Amino acid sequence: MDDALVRVGRALRLALLIALALLFLVPFYLLVRDGLSTEQDITSPEWTFFPATLRWGNVRELFADSSVPFARSLLNSALIAVATTLGTLVLASLAGYGMARIPYRHANKVFYAVLGTLMVPAAVTFVPSFVLVSSLGWISTLRGLIVPTLFSAFACFVFRQYFLGFPRELEDAAQVDGLGYWRTYWLVVVPNARPVFAAVGTIVFIGAWNAFLWPLVIGQDQSAWTVQVALSSFTTAQVVRLHELFTAAAVSILPLLVVFLCFQRWIVAGVERSGID
């Protein structure tokens, strides 16, 4: 009787997981379906699971559209996301390690000050940041799109929490060998902190790739457009190109899927070890 109840419970859990998985896959299915359809198929009142003829030429049309430099936008987003991720990891990990391990009587005050920036709404700092970037002549440049986004109080907090629980024995052994804080960080701490680096890096990469408002304001020339800005250009007051919009959206999520699938197991491990509930 107990074995039967256990099997029934497992079957119900499996059915629930399958139902939830299918539910979460619906948006991806819609992107692929509409991205391979014509305008008439997308707006037709008669629903079909897939159109009779899949228009793979929509992808070629997307990259051949001279009014929207989508290939350049993908490249810009990739450069911005990678640079932002690497810069944030270096700065936040150094700050987190310093607040967690380097003795300093004002360390807690500095930590609370950094943590307090999380309570400042982004709208409050948006205009001053724009004025500063504009005064530096960084409008429509990668510097203007990357540098102001490198600091992340959340990433500092995650790294500090992780390093507080980092085994001190490894650091003590490094110090016995004559290593200072800097070499201990690079040669001992970083190689043994891959889960938290992968977790924070994945989160930062996804956030940088999906950023819209800051790239919209700073990237005023088409040469500085990111993929999210390019997506918004397919729907304007003059024209609505639904098939290109859905095709572009489907193409734009592929890098995120690759990054997430490669690092998904590190995300859970990194969050667990950082002490975040």
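Here, the structure is the one placed above.
Criteria and thresholds
- Residues numbered from 1 in each chain as written.
- Predicted model: local features only at pLDDT ≥ 70, side-chain atom pairs only at ≥ 80, totals over all residues.
- Heavy atoms only, no water.
- Patch = residues over 30% accessible without salt bridge, like charges linked within 9 Å, V, L, I, M, F, W, Y side chains within 5 Å.
- Areas by Shrake-Rupley, 256 points an atom, 1.4 Å probe, with all protein chains shown as cover.
- Salt bridge = Lys/Arg side-chain N within 4 Å of Asp/Glu carboxyl O.
- Helix = DSSP H or I, 4+ residues; strand = E, 2+ residues; numbered from the N terminus.
- Buried < 20%, exposed > 50% of the residue type's maximum accessible area, 1.4 Å probe, protein only.
- Phe/Tyr/Trp six-rings, centres within 6.5 Å; stacked < 30°, edge-to-face > 60°.
- 1 Å grid on protein atoms, 1.4 Å probe; cavity = no way out; pocket = protein on both sides within 12 Å on 5 of 7 lines; lining within 4 Å.
- Points joined across faces, edges and corners; volume = space filled by probe spheres on them.
- Nonpolar A, V, L, I, M, F, W, Y, C, P; charged D, E, K, R; others polar.

**Here we look at a nonpolar patch on the surface**
So, step 1. The grouping of L14, I18, L22, L25, F28, L254, L257, F260 and L261 at the surface amounts to a nonpolar patch, some 850 Å² of accessible area in total.
So, step 2. Where the nonpolar patch is concerned, the elements lending two or more residues are α1 (2-35) and α15 (254-274).
So, step 3. With 5 residues, α1 is the single largest residue contributor to the nonpolar patch.
So, step 4. Mapped onto the secondary structure, F28 falls in helix α1.
So, step 5. Judged by its relative accessible area of 36%, F28 is partly exposed.

**A look at the pattern of salt bridges**
So, step 1. Evaluation of the coordinates by the stated rule reveals 4 salt bridges.
So, step 2. The salt bridge partner of R241 is D65, with a shortest N-O separation of 2.6 Å. On the criterion of sequence distance, the pair formed by R241 in the loop between α13 (227-232) and α14 (242-252) and D65 in the loop between α3 (57-64) and α4 (70-101) is long-range, its members being 176 residues apart. Take R241 and D65: they sit in the same class, and that class is buried.
So, step 3. Members of the salt-bridge network, linked through shared partners, are D65, R241 and E244.

**A look at unusual backbone geometry**
So, step 1. Positive phi, close to 60 degrees, is recorded for S140, a residue that is not glycine.
So, step 2. In this structure, S140 sits in the loop between α6 (122-135) and α7 (142-146).

**Focus: the packing of aromatic side chains**
Working definition: an aromatic ring pair is given by the centre-to-centre distance plus the angle between the planes.
So, step 1. Counted according to the given criterion, the structure contains 16 aromatic pairs.
So, step 2. Measuring from centroid to centroid gives 5.4 Å for F126 and W214, while their planes differ by 85 degrees, and the two rings are edge-to-face. Of the two residues, F126 is situated in helix α6 and W214 in helix α12 (residues 213-218); the sequence distance between them amounts to 88 residues.
So, step 3. Overall, the relative accessible area of 23% leaves F126 in the partly exposed class.
So, step 4. A residue is classified by how much of its surface remains accessible, and W214, at 12% relative accessible area, is buried.

**A word on the layout of surface pockets**
So, step 1. Considering only enclosed or pocket space, the largest pocket measures out at about 1,000 Å³ in volume.
So, step 2. Every residue lining the largest pocket is counted, 29 residues in all, and those nearest its centre are A122, T125, P148, T149 and F151.
So, step 3. Here the lining of the largest pocket takes 5 residues from helix α11 (residues 194-210), the largest share from any one element.
So, step 4. Its residues assigned to classes, the lining of the largest pocket shows 21 nonpolar, 8 polar and no charged.

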